Amino acid sequence: MTHYENTLFELIRSNADMMNDLRMLRQLKLPDWYVAAGYVRNYIWDRLHGYERRTPLNDIDVIYYDTNATDECLEKEYEELLARQTGTSIWSVKNQARMHIRNGDAPYRSVEGAISHWPETVTAVAIRLEEDDRLSCLSPYGLDDIFELRVRRSPLFKDSAYYESRVEGKNWRALWPKLEILPG
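Residues numbered from 1 in each chain as written. Predicted model: local features only at pLDDT ≥ 70, side-chain atom pairs only at ≥ 80, totals over all residues. Heavy atoms only, no water.

S.K.: Quick question: what am I supposed to make of the pattern of salt bridges here?
M.R.: When charged atoms on two side chains of opposite charge get close, those side chains can pair. Following the criterion strictly, the structure yields 13 salt bridges and no others. Notably, a salt bridge pairs K94 with E79, separated by 3.6 Å at the nearest N-O pair. Of this pair, K94 sits in strand β3 (residues 91-95) while E79 sits in helix α4 (residues 72-86); the two residues are 15 residues apart in sequence, bridging distant segments of the chain. As far as burial versus exposure is concerned, K94 and E79 are alike and both buried. Residue R134 is joined to D132 by a salt bridge in which the shortest nitrogen-to-oxygen separation is 2.8 Å. In this structure, a network of salt bridges that share partners links the residues D145, E148, R150 and R152. (Salt bridge = Lys/Arg side-chain N within 4 Å of Asp/Glu carboxyl O. Helix = DSSP H or I, 4+ residues; strand = E, 2+ residues; numbered from the N terminus. Buried < 20%, exposed > 50% of the residue type's maximum accessible area, 1.4 Å probe, protein only.)

As structure tokens, then:
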């Protein structure tokens, strides 16, 4: 386990709301599930910027991998269930076994394979709570960028213009001024 992984797990464990979310998500028993992207990234950046409160999330990305049930309707059912359980409608549940179609990629073979195609290395970070209460992290590009406040395009994400417009549109530099945003 790396220093950054230890730090990530300490930060997550220190947040009672996140731990409650992870326990709730674990109960869904989704195959190879994680909560990812801004849910993790924004929290780390908030802590590194010394913010007392979390920056509000646009969505909460729950990902999993199941080649046997790729109907999008099932994902919507999970989103509705989570909305009822939490009172918030920002849950986004996506089976990564079907997301290659939307993204125009070859089929993904795993959750890690899927997130390695996400636009930024700092977005391709996911966590879950294992049955024995250990935290697990999935980060195909490591955790250096997220903890060193560096935003760069993921090597497998080829559309540099989209990367640049996405980063600009999310207003990250205004929200977290210590970020170093690298060109696409």
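S.K.: Teacher, can you tell me more about the nonpolar core here?
M.R.: When a protein is soluble and globular, its nonpolar side chains tend to lie buried together. Within the largest apolar cluster, 43 residues are counted, with the highest numbers of intra-cluster contacts made by L8, I12, L22 and W45. In contact with L8, not counting residues within four places along its chain, are V40, I44, I127, C137, L143 and F147. Counting 12 residues, the second largest nonpolar core, distinct from the first, contains A36, A97, I115 and A126. (Core = buried A, V, L, I, M, F, W, Y, C linked by side-chain atoms within 4.5 Å. Contact = heavy atoms within 4.5 Å.)

Keep in mind that these numbers describe shape and distance, not what the molecule does.
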